[in-house]
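Survey of secondary and tertiary structure
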Amino acid sequence: MLKKGFISGTAVILLLIFISGILACYAVGIGPAGIGGLEAFQALCNHFVPNTFDVSAMTHTVVVNIRAPRIIMANLSGFGLGICGYAMQSVLKNPLASPYTLGLSAAAGFGAALAIVLGIGLLSSQYLIVGNAFVFSLLASILVLGFASGRNARPEAVILSGVAVMFLFSAGITLLQFIADPYAVQAVVFWLIGDVGRASWDKILIMVLVICLVTPFLLFKSWDIGILRLGDETAESLGVRVSLTRMGVMAACSLLTASVVAFVGAIGFIGLVAPHMVKLAGRGSELFRLLASGMVGAILLASSDMVALTVLAPNILPIGVVTSFLGVPLFMFLIKRGKQPK
Amino acid sequence: MNIKVNEICFSYPDSGRINLISTEVKAGEITCILGPNGSGKSTFLKCLNRLLPAASGTVYIGSEDIGLMSKKKLACLMGYLPQEPPPDQEITVLDAVLMGRRPHTLWRPGKRDFDLARQALTNMHLFHLADRMLASLSGGEVQRVMLARALAQEAKVLLLDEPTNNLDIRHQLGVMRTVRDLADTVNLAAIVVMHDLNLSARFADKILILSNGEIAAAGIPAGVLTSENIREVYKVESSIYMENGLPHVIVKEETKRLAN
């Protein structure tokens, strides 16, 4: 029963948070600087309660300003991509819906490339690339949702206009790469690959604010998101404002995914795979599935980052590559295992 | 609650319309809407619950004009089962029935909502299926689950758009028997769009035949299902024989073909 399922769902969420915490504790001791887990732990303690342990300034800097933000950003980004992936797939009734489908990633990439290649941007200095990526990503979602709203926000209108916008911005990126010098091309490619190492505390603060804004809204709308699965007409007849709900959820997801891709780049697959893992793993209320998708996304991205840091240490692999290499076999296994309806 | 429809009109921008349709369905009664494809049956049904905005005319539930109601209030009073089955059937039966409680809640179901959903499943003899996915049920069972949803919704009026579509004879009878039981026991007023003339004759208190968006005939089954009306509306020849006071239609041949 759902009520019983909800209670066990809470236990599952707590378990996922616990796993995420364990991974974070382990990850803080990983990195090319050769600082072990114990030393990293001491540096963190020192940060919160000064002079508890004798820790060098370099260790303190590496742990507090590089590793901790990296781990937190990986978890926040994974959570954002996972929860938005689930919400997008549900309201668009399409299992392939993700930030890629709506062209948000391509638009963010174009914004970043514009800043890297031509130095054009809305914000100055250190926020030139991030600001551009964010603004263009939001611009893409406004384009897509604006176009779709004229067609009663029908899922196919959202997806098709998203794909069109994706091709538009991808072409823009190609054009910029065509005219750019080799170093700029390299920088654009590096940005497009995605990297949680770009994290900093101020970016984390913004991310936390956006997540705190978007997540309660999605949870509040969770039942309506589930009712849309019965069909638009049925949902409408049950008092759900279908177009408003779809546009609201898409706008909220656009804001969150725009923040994620602006800060860490176009990390693929998490937004697609995390919701499917939750769906394939079992049943549960929409509220549980949203939260679980977020937590699975966080765990996937955080563990992918750990692998990226360790597998060819001291070199760091692009995290987007690792998420796909790790996620695809797991995903295929789950599809093969395919939970059949009973 | 009674539902009274006064001169409802609606036009699609390209083609198709319904024109000045009026009817009244009393609580505990079933009215079947018949008519050829494209005659405006589903459009009429959608105008009743404002899925489509009527160009003119009024619909009253009890003494209240639905045009002045909030969507939520309308959803509390009127249940609707569309023609197509739910597109995503990876939902448990209990969850699907629970969704009927949406108009009565703010954002998520509470204990009373769960109790009412379980009660609806028990009343519809579906409780043993509560944990099953919709995808694993037969078409007839899915329709009964959707009816249980309307029961949990505590709707006073039920609109059903071809609920017996794609069902075998046994399940068709089962679904219509359930609608009849709901009308008799819960005092629901039901408006059912159908294609099967004999099934309509058997379960309806009143039949409305639409043709080109207008009422071609209306009244009790025996008065409406006549060879003349069927020839006029469907362009087919038929003979009617009565059994236990109910008309039975035997379709013979297309009128045009006979004329040739």
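Figured I'd write up the structure that's included with this text. Model, not experiment: these values are computed from the prediction. For every chain, the first residue of the written sequence is number 1, and numbering continues from 1 along that sequence. Just so you know, chain letters begin at A and ligand numbers begin at 1, following the order they were written in. Only residues with pLDDT of at least 70 get local features here, since the model is predicted, and only at 80 or more are side-chain atom pairs given and counted; chain-wide, interface and lining totals rely on the full set of residues. Hydrogen atoms and water are omitted, and side-chain values are computed over all heavy atoms in the structure.

Here is the rule: rings of Phe, Tyr and Trp (six-membered ring for Trp) pair when centre to centre is within 6.5 Å. Planes less than 30 degrees apart are stacked, more than 60 are edge-to-face, and the remainder are tilted. Scanning all chains against the criterion turns up 5 aromatic pairs over all chains. Seen in terms of ring centroids, A:F220 and B:W107 are 6.1 Å apart; in terms of plane orientation they differ by 20°. Their pairing is stacked. A residue pair is termed interchain when its members come from two chains, as with A:F220 in helix α8 (residues 201-220) and B:W107 in the loop between α3 (93-98) and α4 (111-123). Under the relative-accessibility criterion, A:F220 is labelled partly exposed at 39%. Ring plane angle 85° and centroid distance 4.9 Å describe the contact between B:F10 and B:Y12, whose orientation is recorded as edge-to-face. The buried label applies to any residue whose accessible area, calculated with a 1.4 Å probe on protein chains only, is under 20% of its type's maximum; exposed applies above 50%, and partly exposed to all values in between. Judged by its relative accessible area of 8%, B:F10 falls in the buried class. Numbering goes from the N terminus for both helices and strands, where a helix is a DSSP run of H or I of at least four residues and a strand is a run of E of at least two.

Moving on, we get to the interface of chain B and chain A. Counting from both sides, the interface comprises 40 residues of chain B and, opposite them, 25 residues of chain A. Here the buried area means the combined drop in accessible surface, using a 1.4 Å probe, for two parts upon being joined, counting both sides. Summing the contributions of chain B and of chain A, the shared interface buries around 3,000 Å²; its carbon and sulfur component is 64%. For chain B, the biggest contributors to the area lost against chain A are B:M99, B:R102 and B:W107; these three give 22% of the whole. Here, a salt bridge means any Lys or Arg side-chain nitrogen found within 4 Å of an Asp or Glu carboxyl oxygen. Applying the counting criterion to the chain B and chain A interface returns 4 salt bridges. With a shortest N-O distance of 2.9 Å, B:K46 and A:E233 are connected by a salt bridge. Whenever a nitrogen or oxygen atom comes within 3.5 Å of another N or O atom, the pair is scored as a polar contact, on the condition that within protein one atom can donate a hydrogen and the other can accept it, and that pairs from neighbouring residues in sequence are kept only if both atoms are in side chains. On the surface where chain B and chain A come into contact, there are 6 residue pairs in polar contact (both at pLDDT 80 or more). Those elements giving two or more residues to the side of chain B that touches chain A turn out to be α2 (71-77), β6 (78-81), α3, α4 and α5 (139-152) of chain B. Contacts are residue-level and defined by heavy atoms, with any inter-residue pair within 4.5 Å sufficient.

Glancing now at helix α3 (residues 57-91) of chain A. For the α-helix, the turn length of 3.6 residues means that residues three or four positions removed from each other point alike. Residues and elements named next belong to chain A. Here, expected helix span is obtained from the residue count minus one, scaled by 1.5 Å. An ideal rise of 1.5 Å per residue puts 51 Å on 35 residues; α3 measures up with 49 Å between its terminal C-alpha atoms. Along its length, α3 reaches its greatest deviation from straightness, about 30°, at V63. With its phi angle positive at about 50°, K93 sits one or two positions after the end of α3. One axis fitted to the seven residues ending at a residue, another fitted to the seven starting there: the angle between these axes is the bend at that residue.

The final tally for this structure, using the stated rule, is 20 salt bridges over all chains. Its salt-bridge partner being A:D224, residue A:K221 comes within 3.6 Å of it at the nearest N-O pair. Under the relative-accessibility criterion, A:D224 is labelled buried at 4%. For B:D113, the salt bridge is made with B:R101, and the minimal N-O distance between the two is 2.9 Å.

Our next topic: the sheet that holds strand β2 (residues 17-25) of chain B. Residues and elements named next belong to chain B. Strand pairing is assigned whenever DSSP detects at least two bridges linking the two strands. Across the sheet, 4 strands lie side by side as β2-β1-β4-β5; this open sheet has antiparallel pairing. Across the chains shown, the open sheet's two edge strands, defined by having one partner strand only, are β2 and β5 (64-65). Examined bridge by bridge, strand β1 (residues 3-11) and β2 share 6 bridges and lie antiparallel to one another. Its bridge partner being in β2, S11 is matched across the sheet by R17.

Moving on to unusual backbone geometry. Residue and element names in this part refer to chain B. For H125, which is not glycine, the phi dihedral falls at a positive 55°. The topology assignment puts H125 in the loop between α4 and α5. Under the relative-accessibility criterion, H125 is labelled exposed at 62%. In this structure, K235 is a non-glycine residue whose phi angle is positive, near 60°. Mapped onto the fold, K235 is located in the loop between α9 (227-234) and β11 (236-243).

Shape is all these values report; function is a separate question.
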